[in-house]
Amino acid sequence: MEGLEKITERILQDARAACDAQLSAAKEDVNRIKSKYSATAEKILHEAQESVQKEVDAILESGQAGAAMWRRNALLEAKSAMVDAAYDNAVRFIARMDENVYYTLLSNMLTKAVAESEQADQALLADEQSEYTKPAAFVVSLNAKDKEKYAQRLQRDLTEKNSSVSMQIAQQPADIAGGMLVQYGDVSIDCSVEQSVQLVRSQTEAEVFAVLFGIHAGRRGQSEA
């Protein structure tokens, strides 16, 4: 509220200064012609006062509306930042979880990506009119830390599960917090932690907003208005 009061007070000061300046100019004009045109001069002064007052009222109304809009926008930005932080924390939590649990997550990601790609392979290869050629191998990209810790283990475990699958580890580490990027021929599969959390966010953001701010998920838009 202190910031809002300062903004309103500044608008009021500027309006008063503008009012005084315009009234002063109007009074000077009046004094120059008052001796010959007294009645006209009084009318001019009265009209000047009314005109200036209207301008002041407009300035103040605009300032108050602007201050209210500024406060509303600031509140919405703060709430959005809190929601962003909640999902950012989820990304960091997943990337830093217990190594065994995290490895299981990586392994499941890879197994699912391979299984879905092989299903697509079978459908394409079964099409006699298709000119599709099965890619030679899955190329998996991990971040630098995960590549050092888990690459060989992932490759070994995948081969043990499915001996027909060929997997390579990309030489260049991926710029991701965790998870992996899988390249299979021309197909790119984003299994990064960031993408996984983003998919969850698209389904749960309203509920997270409700938990953080006590707003019913179905009425979020009305509550913010």
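Keep in mind it's a predicted model, so treat the numbers as computed, not measured.

## Quick word on the nonpolar core
Among soluble globular proteins, nonpolar side chains are generally buried collectively. With 21 residues, the main nonpolar core has Leu110, Val140, Leu154, Met167, Met180 and Val182 as its most contacted residues. The greatest single-element share of this core, amounting to 7 residues, is contributed by helix α3 (residues 99–126). Residues within four places of valine 182 in sequence aside, it is in contact with Leu110, Ala113, Phe138, Val139, Val140, Val187, Ser188 and Ile189. Val83, Val91, Val193 and Val197 belong to the second largest nonpolar core, which has 6 residues in total.

## Brief notes about the packing of aromatic side chains
One pass over the full model with this rule turns up 3 aromatic pairs. Between tyrosine 103 and tyrosine 150, the aromatic rings sit 5.9 Å apart at their centres with planes inclined by 40 degrees, giving tilted as the arrangement. With tyrosine 103 in helix α3 and tyrosine 150 in helix α4 (residues 144–161), this residue pair connects regions lying 47 residues apart in the sequence. In terms of burial, tyrosine 103 and tyrosine 150 fall into one category: buried. Through successive ring pairs, a cluster of aromatic residues spans Tyr102, Tyr103 and Tyr150.

Rules used throughout
Residues numbered from 1 in each chain as written. Predicted model: local features only at pLDDT ≥ 70, side-chain atom pairs only at ≥ 80, totals over all residues. Heavy atoms only, no water. Core = buried A, V, L, I, M, F, W, Y, C linked by side-chain atoms within 4.5 Å. Buried < 20%, exposed > 50% of the residue type's maximum accessible area, 1.4 Å probe, protein only. Helix = DSSP H or I, 4+ residues; strand = E, 2+ residues; numbered from the N terminus. Contact = heavy atoms within 4.5 Å. Phe/Tyr/Trp six-rings, centres within 6.5 Å; stacked < 30°, edge-to-face > 60°.

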